[in-house]
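Report on the structure
In case you want the letters, here they are:
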Amino acid sequence: MANFEQPTSPRSLSFLKLLGLVVGCLAKFVTGSLFVFNVYADDLKTTFNFTQKEVELQSSLLNLGLGAGFLPGLLYDSLGPTWTSGAGLVVSVSAYLLLWSTTKYTAFYGRNSWLIAIYFFVCGIGSVFTYMVALNTNIINFHSKHRGLIVGVLNSFFAGSPSIFSVIYYKGLTGKNRFGDFMLLFAVSFAFVDVLCIIFLRIFTSQEITENVLTIASTKDESKYLKSSEKYEASYNSNKPVLRTNGSTGTEEHGFNQNEKQDESESSSESGVDLLVNNHKGEQLSIKQLICNANFHLFTWMFVLAASVGLTLVNNITVIAKSLHLNQYNGSLVLVVPITTAALSIFIGVISDLFKEKIPRMSILVFACACFVVSQAIILIFGELYVLLIIGTFLCGLGISALWTLCPAVMSELFSLENIGRNWGIAILLAAVVGLIIQLIFGTIYDAHVVEGTLDCYGMKCINGGIGLAFTAAVLSVSLGVAFIIKNRRNSSYVQM
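Let us look at the structure shown here. (Residues numbered from 1 in each chain as written. Predicted model: local features only at pLDDT ≥ 70, side-chain atom pairs only at ≥ 80, totals over all residues. Heavy atoms only, no water.)

Direction vectors running N to C along helix 14 (residues 294-323) and helix 15 (residues 330-354) enclose 155°, while the axes themselves pass 10 Å from each other. With respect to their mutual orientation, helix 14 and helix 15 come out roughly antiparallel. Once helix 14 is placed against helix 15, the crossing between them reads as right-handed. Contacts between helix 14 and helix 15 involve Val314, Ile317, Thr318 and Ala321 from the former and Asn330, Leu333, Val334 and Val337 from the latter. Residues of the contact of helix 14 with helix 15, tallied by class, amount to 6 nonpolar, 2 polar and no charged. (Axes fitted to C-alpha atoms, helices over the stretch in contact; angles between N-to-C directions. Helix = DSSP H or I, 4+ residues; strand = E, 2+ residues; numbered from the N terminus. Parallel < 35°, antiparallel > 145°, perpendicular 65-115°, else oblique. Left-handed = near helix turned anticlockwise from the far one by under 90°. Contact = heavy atoms within 4.5 Å. Nonpolar A, V, L, I, M, F, W, Y, C, P; charged D, E, K, R; others polar.)

Written out as structure tokens, the structure reads:
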């Protein structure tokens, strides 16, 4: 991985890491603007006279662009944060300026909705460059025992920003061109944070880790064991040096002595499935190995299905409210998920760090998936009641806060940090694709009940099919999470025997 810097002193190292965290929070705040689509969706629909299916496609492609994090993730793994931020600067600013220009040619774009959808897709791609830089750099720079807290802090800015942008849209922007002005605001915001990322975000080798990694002779045979992932994680499971010197004695297997293997086994047994990686522990996995890894599929598809449920509700909450004649509460409804997520992300991250030996992160994630199940069930049955719609939306926000706080942390613990950009990028790409499918189905069912000559549909019949599909996806995510825990608990018991 590129852009490694050697700190001059522990104090300067700490300052530079904290500065990077502050910049990362600002970057995550701006990238969170992707989830404010529901605020301007109605204006977009009326400005260009789009159908609901067309709006759903644009919303889905915006998130599919974010899901294209696989490619920015590879760029990050290869070139580091500086070049990745530069790419995000060019792509994001260009795309949002194109969206700003669409309001000057409403007749043309009204007939070519697919072109606006492409612009949104490019916006999503540009955003994920910034997202990857902010998240991955800070995950790598800070000790893994604080990973839940670090990701929680970043996620609170990421998830909380829609509430601020919503207030700006409803209170700060006036006139018929609010959509265009909003896109211009996003262009300026991304330009600002990406420049900050280029200047200040760097990857620093952690002193506490390098102190525990001994230098070995740089022979061709032995140097292959000095994995980057071992450098990152060496001090996480043991206070003793992980790598042996040439002059050490005792039984040795691939550079590890028996005592170290015992310490590793004890550490693994303390945290159960929470820190159980896979048969390739300590090694980087190739794409082929990753695809053949059962843990990766169980964990990733659990995240994918749950994230798709949250995405569908967030992007359609104003549509749901309007269908149920509750659109007078839009100003409040669009704030529930951002405020809930911002408030709970740090709390969930801290709790997962402090009690990870008693309450594995995976157990919290299964609980989060269960929150999505209850949320969709409440909206499906009692959605016409405003109070219960608020409760269902709140539970969705609770699930989102745990999901986006803990899943990056668990992904980095299950698999090599060296490929965190690639691995996490694959997960969010799949989530975007599945989200696209669910949202298109939601829009198709909605439009099927629209009276000819109008744009809007009213009644539970408009949303039942889409919410029912989201409910099914939530149930499947719980099932996969439980299967992951059972599988790895059995493997852990076998190893301890």
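Here we come to the environment of Ile467. With respect to the helices and strands, Ile467 occurs in helix 19 (residues 464-496). When the C-alpha atoms of Ile467 and Ser375 are compared, they prove to be 10.0 Å apart, with 92 residues separating the residues in sequence. Filtering out sequence-adjacent residues up to four positions away, Ile467 remains in contact with Ile320, Gln376, Ile379, Leu380 and Phe442.

Let us look at unusual backbone geometry. Its identity is not glycine, yet Asn49 carries a phi of approximately 60°, on the positive side. On the secondary structure map, Asn49 appears in the loop between helix 2 (37-48) and helix 3 (52-67). Judged by its relative accessible area of 55%, Asn49 is exposed. Despite not being glycine, His325 shows a phi value in the positive range, around 60°. Within the element layout of this structure, His325 appears in the loop between helix 14 and helix 15. Given a relative accessible area of 52%, His325 falls into the exposed group. (Buried < 20%, exposed > 50% of the residue type's maximum accessible area, 1.4 Å probe, protein only.)

Our next topic: the packing of aromatic side chains. Under the defined criterion, the tally for this structure stands at 23 aromatic pairs. Each ring, one from Trp404 and one from Trp424, has its centre 6.0 Å from the other, and the planes form 80°; the classification is edge-to-face. Pair noted here: Trp404 is in helix 17 (residues 386-414) and Trp424 is in helix 18 (residues 420-448), with a separation of 20 residues, a long-range link. In this structure, Trp404 and Trp424 share a single accessibility class: buried. Stacked on the ring of Phe142, the Lys or Arg Lys17 has its end atom at 6.0 Å from the ring centre. The side chain of Lys28 reaches across the aromatic face of Phe158, ending 4.6 Å from its centre. (Phe/Tyr/Trp six-rings, centres within 6.5 Å; stacked < 30°, edge-to-face > 60°. Lys NZ or Arg CZ within 6 Å of the ring centre and 35° of its normal.)

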